[in-house]
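Close look at the chain arrangement
Given next are the chains, with one letter for each unit.
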Amino acid sequence: MSDITVAKNGQATLTCEMPDDSYNGTWIQNGTTLADGERISVTQVGAEHTLVLKSTLKSDEGVIKFKSDKGGFELDFNLIVTEILHYSMMPCDQTTQNCFQIWPAVHKKLYIPASLLAQGNALLEFEPPSVDPAEFEECGKSLGAISIGSPATLKVPYSGQSPITVTWRFNGAEIATGDTYTITSTDKLTTLVVGDFQQANCGNFEVTLQNEHGTLKIPVDVSLSETSQVNYEVVQVPGETIEKTTTVNMTATEAPAKPAGNIKFNNMSENKFSIGLMMTNPPTDVLNYVMEMKDEAGSVWHQCALFTPEEAKSITVKGIKSGQRMTFRIKAINEMGESEAMESRAVTVQKAADPPMLDAAALAKIGNEIRLKAGKDCRLKIPFKGSPMPVAAWVKNGKKLAIKGRYQADTNEKETTFQISTVTGEDSGEYTLNLKNKEGVSSHTFKLIVVDVPGQPQGPMEITDISGAEMTLNWQAPRHDGGKAISQYIVDKKEEKATKWSEVAKIEGTELTYTVPQLVKGCKYCFRVRAVNEEGESKALTSVATVASGPPAPPGVPVAVDVTSKSIVFTWTAPENDGGNEITGYSVEYRENGGDWMMVTKDHIDGFKASLKDLHDESVYELRVAGKNSAGKGKYCESKPTTACDKPEPPVLDDKVKAQYSEPMILNAGEDLVLKLPISGIPRPQGSWTFGKDKIEDARASNSSEKGFVLFSLEELKRSDCGTYHIQAENCEGKETMSVSLRVLDVPTAVENLKVVRASSKSLTIGWQPPKDDGESTITAYSIEVQCCEDEAHEWIKLNKVFPGEDLKATYEVKKGNSYKFRVCVLNMLGSSPSVTSDALLADDKFKPPAAPAKPIVSELTKSTCVLTWTAPEDNGSPINGYMVETKRVGRRNWVKEYNGRTVDETKCFIKDLTKGCDYVFRIIANNEAGFGTPGAESDETIPMDPIPPAPTPTDFKIEDMSDNAITFTWKDGEGLERDKLHGYIIQKLPEGRTKWINCNNVPIRSTRAFVTDFRAGEKFRFRISPMNDGGLGGFCELPDLVEVRQMQIMPVIELRGDAVDTVHVSAGGTLRLSAFVSGNPKPIIRWMKDKVDQERRGATRNQDGIAHLNVRYLTKEDTGTFIISAANKSGKVKKDIKVVVHDSPDPPCNITMGDINPDGSIMISFDPPACDGGSPIKHYCVQMSDAYLKFQTVQDKLTVNKCLVKDLRPGATYYFRIYAENEHGRGEYAQSNLLTVIQKNEPVYIQRPKFNRMDTSKPAGFSLNLKNVQIKERRSAKLTCATIGRPEPEIVWFKDNNKIKANNKYSMRNSMGVCSLLISNSRARDCGKYRCEAKNPTGEAVCEATLMVYPDH
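Scoring rules and cut-offs
Residues numbered from 1 in each chain as written. Predicted model: local features only at pLDDT ≥ 70, side-chain atom pairs only at ≥ 80, totals over all residues. Heavy atoms only, no water. Helix = DSSP H or I, 4+ residues; strand = E, 2+ residues; numbered from the N terminus. Rg over C-alpha atoms; globule rule 2.2 N^0.38 Å. Buried < 20%, exposed > 50% of the residue type's maximum accessible area, 1.4 Å probe, protein only. Contact = heavy atoms within 4.5 Å. Lys, Arg positive; Asp, Glu negative; His and termini not counted. Charge placed at Lys NZ, Arg CZ, Asp CG, Glu CD. Pairing = 2+ DSSP bridges. Phe/Tyr/Trp six-rings, centres within 6.5 Å; stacked < 30°, edge-to-face > 60°. Lys NZ or Arg CZ within 6 Å of the ring centre and 35° of its normal. Axes fitted to C-alpha atoms, helices over the stretch in contact; angles between N-to-C directions. Patch = residues over 30% accessible without salt bridge, like charges linked within 9 Å, V, L, I, M, F, W, Y side chains within 5 Å. Areas by Shrake-Rupley, 256 points an atom, 1.4 Å probe, with all protein chains shown as cover. Salt bridge = Lys/Arg side-chain N within 4 Å of Asp/Glu carboxyl O. Disulfide = S-S within 2.5 Å.

A look at the overall build of the protein chain
Across its full length, the protein chain holds three helices and 118 strands. By the compact-globule yardstick of 34 Å for 1354 residues, the protein chain is too spread out, its C-alpha radius of gyration being 57 Å. Projected onto its principal axes, the C-alpha positions of the protein chain cover 195 × 110 × 95 Å. Counting only residues that meet the buried cut, the protein chain has 39% of its 1354 residues in that class. For the protein chain, the proportion of contacts with a sequence separation of at least 24, taken over those separated by at least 6, is 63%. Within the protein chain, one finds 162 positive and 177 negative side-chain charges whose respective centroids are separated by 12 Å.

See the structure below:
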């Protein structure tokens, strides 16, 4: 049932909605059918039925029913009509009845006994609660803004027949007077006070007014924004209708109609078969739909799904297989039965559909990067799974890749392939494969790097800074670097008509600009740039022909040489480069205060000086100058900003100003401090100030300067602004300072510690402390007010003032049982401070005893005494008179009162006469006028004993080792530690971001080393350690830094042992023993090397206890050299060299050289010392000789030099020589010379050659057969052939694309009898180009060219 409330003479509208427009019905009240009339309107629009009652009467109240003509639906409405009844009363005609007759507006007679009414006419008002909207709105406006932390008051005025019950609700929940809310109501006004208004108090407040004649609800919305506001709305206004809507679920009266719409097949895959029922206007009488299916060839239907109208758009069908041809139908169902079926077309079930998934193994093989040599093919074959067959799309560098030419791709049901034929550097980039079908997409991205020569530098080449002697070239890096870093750029130049390029420079690969020097003024030059990497040179980027002549460079920076307030003279120097042409003048411009540039003169200036005149004082000027020649105007060069001012003078403050501010300034709070100080100085001084020693950064402060003054201001002064301000005015010539003392007067701050001193049923006494700040103005009085909480008016009553010097207390006579609040404020000459309000104080002699104190704290413990301290508990309305202290031995029942049962006044006391070694506990009981309260909590157990000094703090606390889950700590005992009294050490940790320390070990550690586990890698802690003895924990020794738990990484350290520190000497055949101390974390990997050969296979190695050993047996002199020990871990690698000398006989001498045979048959033989002297100096050499038939005989022994003269050699004989070297270990192997045959030398016979006249038979170089173009397949050899003529025979040089070809594995060149050939092996695409052969002899030169084309080998 819906309640409809309407004021009398208002309009009531009742509306109900049927399922559709086929439903009709009637409106019935009290058994009577309501029909259209003057006051009643009955209408139907579609499915909506409406009843309107105009000018409602009280008699219209009651239940109005709507009854439908089908389905049996009935809907009830309860109509409530409110009214204000004014009754006129006068004596009735039947005076004998001794009564009065009343005629109300409804013409109903009431009889009231005369004994209840006074004689004469009267007016009785029987009225429900009501609110005057205008008065209610004015009351809301008068409330003002609501602010956080202040009380908020909501008032609602009303009228009506008493008594009226008032109920307040907040967000639907009823509220009453308590800690948060105070509600007071009179006959005409209800008031709600929110004591400490906060954001959480924003919401919907509602007032319900009710009497025996009616009920009225008034909502009050409270919100906070930039301007706080209270929104009032009166729900019920006379003449206005309140409408409510009720929804009724109606029962269907017939079976539903055949489903309207169509059947849509969302997905026909075997594993995701889905059907949707698409309807434009879903019916309202359908509960469910049933779906049935059958094989196309069959006749039996099977139910496959049951769904609600909300689920109709997507219904999953299961239990069907791929290849089946199925038909589906759908029926609607409600309480009355099923509808006709809507049948679909026959469809074939498709194969199971799955999103594509690339083969993980194939992707792992491809990886994220593929690196290929230029000329090779890139072939990829990637298997996948997915149905239906997906489509492959390739993307390169974010753009779709066109599959044509060298790019080929194909996809079948199992795999997708991709191929790039004959890759070049241009193919480098990021490739992405997107494999997509209707079920999803799978992607993989990789980077293809083609190792090739770099791409051509990007252009066009920009030429700047052109002059008669140099130009600057600028270019961009190639699109690709060929897979290897560009090492350098080669810059070439040539004159425009020349055919040969000359190299200018090779610059770093990171540079993209170069200035070409030593150009000839007026000549036209072409330039080219080639990029170079390890694979070779790129194609050249060539510039356009450019003349070595241009505008001049910028001149020198203009400098102000003469400055006044009216003029500035600037000078500058000539440009370093005139651009190849004579400078004809200078363009000079200036600007003022950063404005537009303007010409100084109409014409160009010839010299190096310009003057600015008629300037504005203290304006800032800039000048710029550009040179001009026949090629144009060069770049400008700007001067520094210069201020137009006269000769600088330091700042000066007038002495009168200093005297004026020598006394403190006195201002009131809220006023502004403004200092405008006259000052002189050129340039204009700039002011700054500080507060004490601190820089002023307050937003209220500002300072500025204007001509003749510096200004300082501080807005809205506060008490905290009191102090000394140091003012400074400064310019380039000096500074001036002065100090200003400021006093800010304000009202005092609030009183301190307001509390009740004594309370009884007759009077209440409060006391307080003076304010912390008197506002730097003498306190004149304290104002005290009191308020009775039971007073409906809540008026504050002023008490007598308390003046300074009097006792800061106030007493007020009270009424027993009432509660009172006091508020106190301080007065001085500027006003009153904020008031402080006490809690409500009850005027009653029956106070409650105090609350239980907290457990006391034991301190200053000795063998017989201790000190107890505790905090005062709640006094429950009566001041605490004292505290009873009780003591008990642990294990005993009785508590013993200290001080013979007397109370103590303070919250601290001294306990004596304790028994050493016994366990004690203590408790406190508070007392006030109501008596003793509940005993407080017991203290911790305490054993009296003399204080035991804590153990000394340990030192050198550090981390020795650390892994990902454990840390090893070491430390040293503190100085003077008595170990027999030490319990051990406690290590504590503090996790990052926490404040509580946690013990790492519960059992004290006696040693000075600890291994602590249960950490996780990446955690961060602080650590500290403390010793423990009978006195508890001692001082803490803490690690200074935050420690992150991770494997400790210490760089390896190698310290050589024994002889290894210096050179190690070993005899041949002996054993080499080397050792070294090796440390590091993680444990280093140790290797012994010599000449890049690991010695582990040859010698015996051993690593034990941090010492690495190497033993090498049977040494030979080849082992002489440097042995290297290396140690490596994650922190790095270190190594040490050990020089080893193996002592043995020397090697044979080297390089035996035989001189010419002298006429006397002697020969000088020389030789070099042995490569190895066997570890000892060579003492001497032995030279032996043998002819072809005799044994070797010693020619000379004990030879100390590297040469020997052998005499008496026979002509025609053949000789061999061999030489030995000898040291202290013996004679080494010999070195043997080549065969020497002695031949008799005869004197030469000279024949004079006759003179002939030579005929000039020279002929210029040329070609009898030119080169021909060649076309071959890739990987074949190409041969270019030509024939030359000329005398003398021409010199042949080959070129490719203007680059000279050198013979190597790639190019082979031959020249036989004038037939010249160039063979190019293993031809690739990069070998394509123009080849040139140049033939040159002293009488001329010739050139022929041909083109080589290389095609892919498919």
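Structural notes on the sheet that holds strand S32 (residues 369–373)
Judged by pairing direction, the sheet is mixed, and its five strands sit side by side in the order S32-S39-S38-S34-S35 without closing on themselves. Either end of the sheet is taken by a strand with one partner, and the two such strands are S32 and strand S35 (399–400). Sheet topology places strand S34 (residues 391–396) next to strand S38 (residues 429–437); six bridges connect them, and they run antiparallel. When the bridges of S38 are listed, lysine 396 appears paired with tyrosine 431.

Some details on the packing of aromatic side chains
Under the definition given, this model contains 32 aromatic pairs. Residues tryptophan 768 and tyrosine 782 carry aromatic rings whose centres are separated by 5.8 Å and whose planes lie at 55 degrees to one another, so their mutual orientation is tilted. Highlighted residues: tryptophan 768 in strand S68 (residues 763–769) and tyrosine 782 in strand S69 (residues 779–788), separated in sequence by 14 residues. With respect to burial, tryptophan 768 and tyrosine 782 carry one shared label: buried. A centroid spacing of 6.4 Å and a plane angle of 65 degrees characterise the contact between phenylalanine 957 and tryptophan 971, whose relative ring orientation is edge-to-face. Of the two residues, phenylalanine 957 sits in strand S83 (residues 955–962) while tryptophan 971 sits in strand S84 (residues 967–972), which places them 14 residues apart along the sequence. For the pair phenylalanine 957 and tryptophan 971, one class covers both residues: buried. Chaining the aromatic ring pairs together yields one cluster made of Phe957, Phe969, Trp971, Tyr985, Phe1015, Phe1021 and Phe1023. The ring centre of tryptophan 501 lies 5.1 Å from the NZ or CZ of lysine 494, which sits over that ring.

Brief notes about the side chain of serine 1323
For serine 1323, the location among the structural elements is in the loop between strand S116 (1315–1320) and strand S117 (1329–1337). Non-local contacts of serine 1323, meaning those with residues more than four positions away in its chain, are made with Ile1272, Glu1274, Arg1275, Arg1276, Ser1277, Ala1278, Lys1306 and Val1350.

Quick notes on the sheet that holds strand S36 (residues 407–411)
With antiparallel pairing, the four strands of this open sheet are ordered in space as S31-S33-S37-S36. A strand with exactly one partner marks an edge of an open sheet, and here the two such strands are strand S31 (354–358) and S36. The mean inter-strand angle of the sheet, taken between neighbouring strand axes irrespective of direction, is 20 degrees. Pairing analysis gives five bridges linking S36 to strand S37 (residues 415–420), with the strands arranged antiparallel.

Observations concerning the side chain of serine 1233
Mapped onto the secondary structure, serine 1233 falls in the loop between strand S108 (1231–1232) and strand S109 (1236–1237). The residues touching serine 1233, leaving out its near neighbours within four places in the chain, are Ile1152, Met1154, Tyr1216 and Phe1217.

Digging into a negative patch on the surface
Together, Asp20, Asp21, Glu254 and Asp285 line one region of the surface with negative charge. Counting through the fold element by element, aspartate 285 comes out in the loop between strand S23 (274–278) and strand S24 (288–295). You can call aspartate 285 partly exposed: its relative accessible area is 30%.

Some thoughts on the environment of glycine 1228
Note on placement: glycine 1228 falls in the loop between strand S107 (1226–1227) and S108. In this structure glycine 1228 comes out as buried when scored by relative accessible area, which is 9%.

Describing the pattern of salt bridges
It is possible for side chains bearing opposite charge to pair when their charged atoms get close. Throughout the structure, instances matching the rule amount to 46 salt bridges. For lysine 484, the salt bridge is made with glutamate 534, and the minimal N-O distance between the two is 3.2 Å. Of this pair, lysine 484 sits in the loop between strand S41 (471–476) and strand S42 (488–495) while glutamate 534 sits in the loop between strand S45 (524–533) and strand S46 (536–537); the two residues are 50 residues apart in sequence, bridging distant segments of the chain. Its relative accessible area of 27% is what places lysine 484 among the partly exposed residues. When the shortest N-O distance is used, the salt bridge between aspartate 1091 and lysine 1090 registers 2.8 Å. By relative accessible area, aspartate 1091 is classed as exposed at 59%. Owing to a relative accessible area of 7%, lysine 1090 belongs among the buried residues under this scheme.

Some points on the environment of glutamate 1038
As for its position among the elements, glutamate 1038 is in strand S90 (residues 1037–1038). The partly exposed category is assigned to glutamate 1038, whose relative accessible area is 38%. The sequence separation of glutamate 1038 and lysine 989 amounts to 49 residues, and the corresponding C-alpha distance is 9.8 Å. Aside from chain neighbours lying at most four places away, what touches glutamate 1038 is Trp997, Arg1022, Phe1023 and Arg1024.

Considering the pairing of strand S44 (residues 513–516)
Burial of the side chains of S44 is restricted to one face: Tyr514 and Val516 are buried, whereas none of Thr513 and Thr515 on the reverse face is. Of the strand pairs in this sheet, S41 and S44 are connected by four bridges, and their pairing is antiparallel. What sits directly across from asparagine 474, in S44, is threonine 513.

A word on unusual backbone geometry
In this structure, proline 388 follows serine 387 across a cis peptide bond, with omega equal to -5 degrees. Secondary-structure assignment places proline 388 in the loop between strand S33 (378–387) and S34. Of note, the amide linkage connecting arginine 1287 to proline 1288 takes the cis form, showing an omega dihedral of 0 degrees. Position of proline 1288 among the secondary structure elements: in the loop between strand S112 (1278–1287) and strand S113 (1291–1296). Located in the positive-phi region is aspartate 614, a residue other than glycine, with phi close to 55 degrees. Here aspartate 614 shows up in the loop between strand S53 (609–612) and strand S54 (620–629). When its relative accessible area of 72% is taken as the criterion, aspartate 614 is described as exposed. For aspartate 1091, which is not glycine, the phi dihedral falls at a positive 50 degrees. Note that aspartate 1091 resides in the loop between strand S95 (1085–1090) and strand S96 (1093–1094).

Points about the pairing of strand S103 (residues 1180–1187)
The element S103 is largely enclosed, with a buried count of eight among its eight residues. On S103, burial covers both faces: His1180, Cys1182, Gln1184 and Ser1186 on one face and Tyr1181, Val1183, Met1185 and Asp1187 on the other are all buried. Sheet analysis places S103 next to strand S106 (residues 1214–1223), joined by eight bridges and oriented antiparallel. Each residue of the ladder has a partner; that of glutamine 1184, found in S106, is arginine 1218. Looking at chain direction, S103 and strand S104 (residues 1193–1199) are connected through four bridges and run antiparallel. When the bridges of S104 are listed, valine 1183 appears paired with glutamine 1196.

Overview of the state of the cysteines
Overall, the coordinates contain zero disulfides when judged by the stated rule. Free cysteine cysteine 788: the closest other cysteine sulfur is in cysteine 789, separated by 6.5 Å. For cysteine 788, a relative accessible area of 16% puts it in the buried group. There is no disulfide at cysteine 1000, and the cysteine sulfur nearest it, in cysteine 1037, is 14 Å away. On the basis of relative accessibility, which here comes to 22%, the residue cysteine 1000 falls in the partly exposed class.

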